[in-house]
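# Structure at a glance
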Amino acid sequence: MTEEQKKIASLERRVNLLILILVIAIGAGIAAAPKKPDVLRVRQLSIVDANGVERVRLGAPLPEPMILGKRFHRDGFVSGILLFDAEGNERSGYATSDDYPNVIFTLDSLATQHVLFMAEPQGSPTLMMWDEKKGALRFFVDEGQPHIRYGRAGEKDVDLVPEASK
Amino acid sequence: MMWLAAGITSIAIAGNEVVSASLDGKVRSKQLIASKDYELYAVTASANRIAFCGNSRDINVGERIFKIPAGWCLALDFSPDGRTLAVGTTEKQVELFDVATGNILRSLDTKWSAAAVTWSPDGKTIATGAYGVAIWNAPDGSLLRNLEAPPGAIHAVVFSRDGARVAAAGPKTAHIWNAATGELLRKIEPEGFVQFVGEKSVIEPITVPLLSLDFSPDGKTLATGGSDRMVRIWDVESGKELRRFEGHHASITAVRFLDAKRLVSGSLDGTIKFWTLK
């Protein structure tokens, strides 16, 4: 083997060694790379519209309610999702409370709440609707009995209990 | 465009200048006066200082800071002599601060978040708006009377310049009372509001909250502003709407007469507009 052939053979060995090291390094890198996260863990997520107005908030807890330019107190801490109108007023919520074990869904006007859909932890689901003149309608199920209750301002509530099927 | 972030929540007249407070924490006149890292809900002015507050226990009075015991501030107003500051809070209280010392002199129990507070021109009584309207004796903090108020949360209360009348803005109506007797004199109910749908506006027979109001200097007319985005002028005696001004693109949170012929309005659209009555 000539000197030149010896040098070529030596270079080939070095190149092969470098390739081997490179392959090992890439393999080790891939193995060590963090997995792509499939769960986003945050306390709050705020979605804003093109005007910068917050329209959706997911949070634990959710913020105090903004109503017509002022932020008011909420009774206790609630976690879930809120919807806001184009001026940032809270108009709907789907949440659980730290203080009460119910899960609730609400629809609100600018002045007050008008629809409440609620489930208690042991059952007894309720759907309530009322307007600003205190007319109210309530559907609920309790102790195996369905109820419809309605009320008018200034009058006693009326319970309609459907007759048991025969 | 981040118009709501800079939405104006309150205005005050300081000398010849209009001062505004906004949700971006800024107090502005022709220039920036102050900047806070929390939403501001109220500003007021006396002869020689302004005060402002918002989503914080801090009440900014000139260069000083007073503290409310808990919660945050929704409204404030200087007494006519500038010596006492009434602060409406989320803790169902109106705190009366001695401006000289920063100490709380008295607390008025409003039983609900006090979103509106104003002094009578003679400084003897205070009107508060919470879930109802009440008149208080300022010197000792005793409740004089609860007024027959619009149902729901009250957003603004104001006395006429002569102190004879007091008015409040509620979810659907403005009520006007005889301030001395509490007799309800007039209910003002806007008949039609504008419901905004995209670029078009359509008149719909719906009602939305009134957020602000002010008597004209002679007390004969009342200006209101609210979620219909219109400034409306009403004849106090008849309750009839005399005129309306359109131009704001969000709820009007503040209206003030500058004089008999001019008024100013502030809106959550982040603008202040001046209007001329002809």
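The sections below set out a description of the structure shown in this document. (Residues numbered from 1 in each chain as written. Chains lettered and ligands numbered in written order. Predicted model: local features only at pLDDT ≥ 70, side-chain atom pairs only at ≥ 80, totals over all residues. Heavy atoms only, no water.)

## Some points on the pairing of strand β13 (residues 116-119) of chain B
Residue and element names in this part refer to chain B. Side chains A116 and T118 of β13 all project onto a buried face; the interleaved residues V117 and W119 project onto the opposite face, where all are buried too. Both β13 and strand β14 (residues 125-130) contribute to a ladder of four bridges, which runs antiparallel. For W119, the partnering residue across the bridge sits in β14 and is I126. Between β13 and β14, which pair antiparallel in sequence order, lie five residues; one of them, G123, sits at a positive phi of approximately 75 degrees. (Buried < 20%, exposed > 50% of the residue type's maximum accessible area, 1.4 Å probe, protein only. Helix = DSSP H or I, 4+ residues; strand = E, 2+ residues; numbered from the N terminus. Pairing = 2+ DSSP bridges.)

## A closer look at the sheet that holds strand β23 (residues 210-215) of chain B
Residue and element names in this part refer to chain B. On the basis of which strands lie adjacent, the open sheet formed by four strands has the order β23-β24-β25-β26 and antiparallel pairing. Where the open sheet ends on each side, the last strands, each with one partner, are β23 and β26 (241-246). Averaged over neighbouring strand pairs, the angle between their axes works out to 20 degrees when direction is ignored. When strand β25 (residues 230-235) meets β26, the two strands line up antiparallel, connected through five bridges. (Axes fitted to C-alpha atoms, helices over the stretch in contact; angles between N-to-C directions.)

## Here we look at the nonpolar core
Residues and elements named next belong to chain B. One finds I59, V61, L76, L85, V87 and F97 to be the most contacted residues of the largest nonpolar core, which totals 14 residues. Looking at this core, the elements that each hand over two or more residues are β6 (50-54), β7 (58-61), β9 (73-78) and β10 (84-89). Broken down by element, this core gets its largest block of residues, three residues, from β9. (Core = buried A, V, L, I, M, F, W, Y, C linked by side-chain atoms within 4.5 Å.)

## Thoughts on the side chain of S113 of chain B
Turning to its location among the elements, S113 of chain B is positioned in the loop between β12 (104-109) and β13. Given a relative accessible area of 8%, S113 of chain B falls into the buried group. Aside from chain neighbours lying at most four places away, what touches S113 of chain B is F72 of chain A together with L74, T89, T90, K92, G129 and A130 of chain B. (Contact = heavy atoms within 4.5 Å.)

## Overview of the packing of aromatic side chains
According to the stated counting rule, one finds five aromatic pairs over all chains in the structure shown. For the pair F245 of chain B and W275 of chain B, a centre-to-centre distance of 5.1 Å together with 35 degrees between the ring planes defines the contact as tilted. In this pair, F245 of chain B sits in strand β26 while W275 of chain B sits in strand β29 (residues 272-276), placing the two residues 30 residues apart along the sequence. Comparing F245 of chain B with W275 of chain B shows no difference in burial state: the two are buried. Grouped by ring-pair contacts, the aromatic residues F72 of chain A together with W112 and Y131 of chain B constitute a single cluster. (Phe/Tyr/Trp six-rings, centres within 6.5 Å; stacked < 30°, edge-to-face > 60°.)

## Here's the deal with the sheet that holds strand β18 (residues 165-169) of chain B
Residues and elements named next belong to chain B. Reading across from one edge, β17-β18-β19-β20 is the order of the four strands in this open sheet, with antiparallel pairing throughout. Two strands lie at the open edges of the sheet, namely β17 (156-159) and β20 (184-188), each paired on one side alone. Averaged over all adjacent pairs, the angle separating strand axes in this sheet is 15 degrees, with direction ignored. Where strand β19 (residues 174-178) lies against β20, four bridges are found, and the strand directions are antiparallel. The residue bridging A174 from the neighbouring strand is I188, located in β20.

## Brief notes about the interface of chain B and chain A
Of the residues lining the interface, 29 residues belong to chain B; the matching set on chain A comes to 19 residues. Connecting chain B to chain A are two salt bridges. Across the pair E39 of chain B and R71 of chain A runs a salt bridge whose closest N-O atoms are separated by 2.7 Å. For the interface between chain B and chain A, the tally reads eight residue pairs in polar contact (both at pLDDT 80 or more). Taken together, the residues of the side of chain B that touches chain A break down into 16 nonpolar, nine polar and four charged. (Salt bridge = Lys/Arg side-chain N within 4 Å of Asp/Glu carboxyl O. Polar contact = N/O pair within 3.5 Å; in protein donor to acceptor, adjacent residues only side chain to side chain. Nonpolar A, V, L, I, M, F, W, Y, C, P; charged D, E, K, R; others polar.)

## Considerations on the environment of G93 of chain A
Residue and element names in this part refer to chain A. Mapped onto the secondary structure, G93 falls in strand β6 (residues 90-97). Sequence-wise, G93 and R74 are 19 residues apart; in three dimensions their C-alpha atoms are separated by 12 Å. With residues up to four places along the chain from it excluded, the contact list for G93 reads I81, L82, I104, F105 and T106.

## So, the side chain of R74 of chain A
All names here are of chain A. Tracing the backbone through its elements, the reader meets R74 in the loop between β4 (70-71) and β5 (78-84). R74 sits in the buried class, given a relative accessible area of 18%. At a separation of 2.8 Å, a polar atom in the side chain of R74 contacts the side chain of E90. Setting aside its immediate chain neighbours within four residues, R74 contacts P63, E64, P65, L82 and E90.

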